[in-house]
Amino acid sequence: MIHYKSKEEIELMRKSALLVSATLETVAAALKPGMSTLEVDELIDQFIRDNGAIPSFKDYRGYPKSSCISVNEEVVHGIPNAYVLKDGDIVSVDVGVYLNGFHGDSAYTFAIGAVKEEVLQLMAATKAALYKGIEKAVVGNRIGDIAFAIQEYAEKERGYGVVRELVGHGLGKHLHEDPQVPNYGKRGSGPMMKEGLVIAIEPMINLGTKEVSYLDDGWTVATRDEQPSAHFEHTVAVRKGQADLLSSFAGIEKAEKANSALNTNY
């Protein structure tokens, strides 16, 4: 069942989503070789709580940490741990917050130091695919129009692997609501989008094939061919004519460029 939001509820959700963006901006300013992913998670947890919110992911269905941090061939749901980030890594950071009764959700992939050109191109294409999907998140279109736009660009035009097992989703009082928002599919299929629908659009794109495996920790999803994967996500409200981005990458991109440890040549 799809839960449509009022204008007032969407504005509350915007505050939640922008707090996620601010959290990721803090990550962008701090990331560097020598940090463990657990240290990054502790930074995230502290920032969210200092701003009067609760990390959405902590204890969600038993998940043990406040963020998902996935490195290199890890696609999503990487559990922060003692792994120490090093030059050449790419790091996907997925964050959710619960504030004023509503969740916000966003993700961003960072490149640390001398990352291979083909991997930087993957990151650029994944971010571009996200925005191509967002362009279709308007009243009167269908969920399949978002899915088709992402797949057409990432898979057909760029030749990357679009993950099938994991999808975007509705968002609101619950972290995961209907409808599911796949990154692959047929134009004109799926539920029709109406005013008041809020969704998380989140392409997960692999440098190699689309195939993934679940690791023994029960959470982490990784590419089966061990090639890198990138992940970008926005919280989006469906509107007439043009989608309304509730989250923002502007501050993240500014902090990313100011951090000499990060590679922004993509």
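Preceding block: the structure.
These lines cover the structure that appears in this document, whether it is placed above or below. These figures come from a predicted structure and were not determined experimentally.

## Focus on the environment of Glu 73
Working step 1: Among the secondary structure elements, Glu 73 is positioned in the loop between strand S2 (67-71) and strand S3 (74-76).
Working step 2: In this structure, the C-alpha to C-alpha distance between Glu 73 and Lys 156, residues 83 residues apart in sequence, is 21 Å.
Working step 3: When residues no more than four places from it in sequence are discounted, the contact partners of Glu 73 are Val 221, Ala 222, Thr 223, Glu 226, Gln 227, Pro 228 and Ser 229.

## Some remarks on the pairing of S2
Working step 1: Most of S2 sits inside the fold, with five of its five residues counted as buried.
Working step 2: Neither face of S2 is exposed, since Ser 67, Ile 69 and Val 71 on one face and Cys 68 and Ser 70 on the opposite face are all buried.
Working step 3: Pairing between S2 and strand S4 (residues 90-99): five bridges, direction antiparallel. Of the residues in S4, the one forming a bridge with Ser 67 is Val 95.

## What about the packing of aromatic side chains?
Working step 1: For the coordinates displayed, the defined rule picks out six aromatic pairs.
Working step 2: With a centroid separation of 4.9 Å and an interplanar angle of 90°, the aromatic rings of Tyr 108 and Phe 249 are classed as edge-to-face. A residue pair is termed long-range when its members are at least 10 positions apart, and Tyr 108 in strand S5 (residues 102-111) and Phe 249 in the loop between strand S15 (244-245) and helix H5 (250-258) qualify at 141 residues.
Working step 3: Members of the aromatic cluster, joined through ring pairs, are Tyr 108, Phe 110, Tyr 131, Phe 232 and Phe 249.
Working step 4: Lying across the ring of Tyr 153, Lys 132 places its NZ or CZ 5.1 Å from the centre.
Working step 5: Over the ring of Tyr 184 we find Arg 164; its NZ or CZ atom is 4.9 Å from the centre of that ring.

Rules of the game
Each chain carries its own residue numbering, running from 1 in the direction its sequence is written. With pLDDT at 70 or above as the cut-off, local features in this predicted model cover only qualifying residues; side-chain atom pairs require 80 or more to be listed or tallied, and sums for whole chains, interfaces and linings still use all residues. Excluded from the side-chain calculation are hydrogens and water; included are all heavy atoms of the structure. Helix and strand definitions follow DSSP, with helices as H or I runs of at least four residues and strands as E runs of at least two, each counted in order from the N terminus. When checking whether two residues touch, look at their non-hydrogen atoms; a contact exists if any pair is within 4.5 Å. Only protein chains enter the accessibility calculation, which uses a 1.4 Å probe. A residue is then buried if its area is under 20% of the maximum for its type, exposed if over 50%, and partly exposed in between. When DSSP finds two or more bridges between a pair of strands, those strands are recorded as paired. Under the pairing criterion, centres of Phe, Tyr and Trp rings, with the six-membered ring standing for Trp, must be within 6.5 Å; the plane angle then separates stacked pairs below 30 degrees from edge-to-face pairs above 60, leaving the rest tilted. As a reminder, the over-ring test applies to NZ of lysine and CZ of arginine, requiring each to be within 6 Å of the ring centre and within 35 degrees of the ring normal.

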